[in-house]
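# Chain and residue survey
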Amino acid sequence: MTSGTDLAVFCISLRDSPRRATFAAAAAAHSVAFEFIDAISPADLRRGFTIENCRIDITDLRWTRHEQLDPRRQEAPLLFTEIGCAYSHIACWLIGQARKLDHVCVFEDDAIICRPLADISIPRQPTFSI
């Protein structure tokens, strides 16, 4: 990994997910220091959770889970689970921005870490910014 780079590693996970322990064990096995970030759940969205200056029209969202190839899915708007996932990733980016980090690495709790992050080269210049 590029030396001298401010980097945080986050793992998005629902607060009570049983996958947290598995992810933590895999991260420890590869010496990956990380921080759990509580995922934004559909229940959080129902209670009105939003991210400042990030608005999604939720007037026609479905509370049901559709299969990817289900014809109803072709015309359905984003599901609450998808919005929660997007908000969770945006929250990680905002945390990195608030901490003035050069890079954030975001995993979801079902990711499988199979090597140390030290083996990965991070470019000095950002390739994407908002």
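Quick caveat, the model's predicted, so the values are computed rather than measured. (Residues numbered from 1 in each chain as written. Predicted model: local features only at pLDDT ≥ 70, side-chain atom pairs only at ≥ 80, totals over all residues. Heavy atoms only, no water.)

### A closer look at the sheet that holds strand β2 (residues 35–38)
To keep things clear, this is the line we draw: In this analysis, strands are considered paired if DSSP registers two or more bridges between them. Runs of H or I in DSSP of at least four residues are treated as helices and runs of E of at least two as strands, each being numbered from the N terminus. In this description, a line fitted to the C-alpha atoms serves as the axis of each element, helices being fitted only across the stretch in contact, and the angle between N-to-C directions of two axes falls anywhere from 0 to 180 degrees. Contacts: residue pairs with any heavy atoms within 4.5 Å of one another.
Strand order in the open sheet formed by three strands is β2-β1-β3, with parallel pairing between adjacent strands. Of all strands in the sheet, those with a lone pairing partner are β2 and β3 (103–108), marking the two edges. Averaged over all pairs of adjacent strands, the angle between their axes in this sheet comes to 35°, without regard to strand direction. In terms of strand pairing, strand β1 (residues 7–13) meets β3 through six bridges, oriented parallel. Following the sheet pairing, C11 is matched in β3 by F107. In this fold helix α1 (residues 19–29) packs onto β1, β2 and β3, with an angle of close to 155° to the strand it touches most, β2.

### Describing α1
In an α-helix there are 3.6 residues to a turn, and that puts residues three or four apart on one side. Cut-off, in case you're wondering: Only protein chains enter the accessibility calculation, which uses a 1.4 Å probe; a residue is then buried when its area is under 20% of its type maximum, exposed when over 50%, and partly exposed in between. Starting at the helix axis, one direction is taken to each C-beta atom, and the arc is that of these directions.
Those residues of α1 not exposed but buried are R20, F23 and A27. Viewed along the axis of α1, the buried residues span an arc of 70°, placing them on a single side of the element. Away from the buried face of α1 by more than 90 degrees, exposed residues A21, T22, A28 and A29 are located. The elements touched by buried residues of α1 are β1, β2 and β3. In the segment just after α1, S31 is the residue with positive phi, at about 55°.

### So, the pattern of salt bridges
Basically, it comes down to this: A pair is scored as a salt bridge if a Lys or Arg side-chain nitrogen falls within 4 Å of a carboxyl oxygen belonging to Asp or Glu.
Inspection of the entire model under this criterion finds six salt bridges. Between R15 and D38 there is a salt bridge, and its shortest N-O distance comes to 3.4 Å. Of the two residues, R15 sits in the loop between β1 and α1 while D38 sits in strand β2, which places them 23 residues apart along the sequence. We classify R15 as exposed; its relative accessible area is 52%. The shortest N-O distance in the salt bridge between R99 and E35 comes to 3.0 Å.

### Side note on helix α4 (residues 80–98)
So the rule is basically this: Each helix should span, by expectation, one fewer than its residue count multiplied by 1.5 Å.
Between the first and last C-alpha of α4 there are 26 Å, a value that for 19 residues agrees with the 27 Å anticipated at 1.5 Å per step. Those residues of α4 not exposed but buried are F80, I83, G84, Y87, S88, A91, C92 and G96. Contacts made by the buried residues of α4 are with β1, β2, α2 (42–46) and β3. Phi for K100, located one or two positions after α4, is positive at around 60°.

### Looking at the environment of E35
Put simply, the rule reads: Any pair of nitrogen or oxygen atoms within 3.5 Å is treated as a polar contact; in protein, a donor-acceptor pairing is required on top of that, and neighbouring residues in sequence qualify only through side-chain atoms on both sides.
Looking at the secondary structure, you find E35 in strand β2. Overall, E35 belongs to the partly exposed group, its relative accessible area being 30%. C-alpha separation for the pair E35 and F10, spaced 25 residues apart in sequence, amounts to 4.9 Å. Those residues in contact with E35, other than ones at most four positions away along the chain, are V9, F10, C11 and R99. In this structure the side chain of E35 is engaged in a polar contact, spanning 3.0 Å, whose partner is the side chain of R99.

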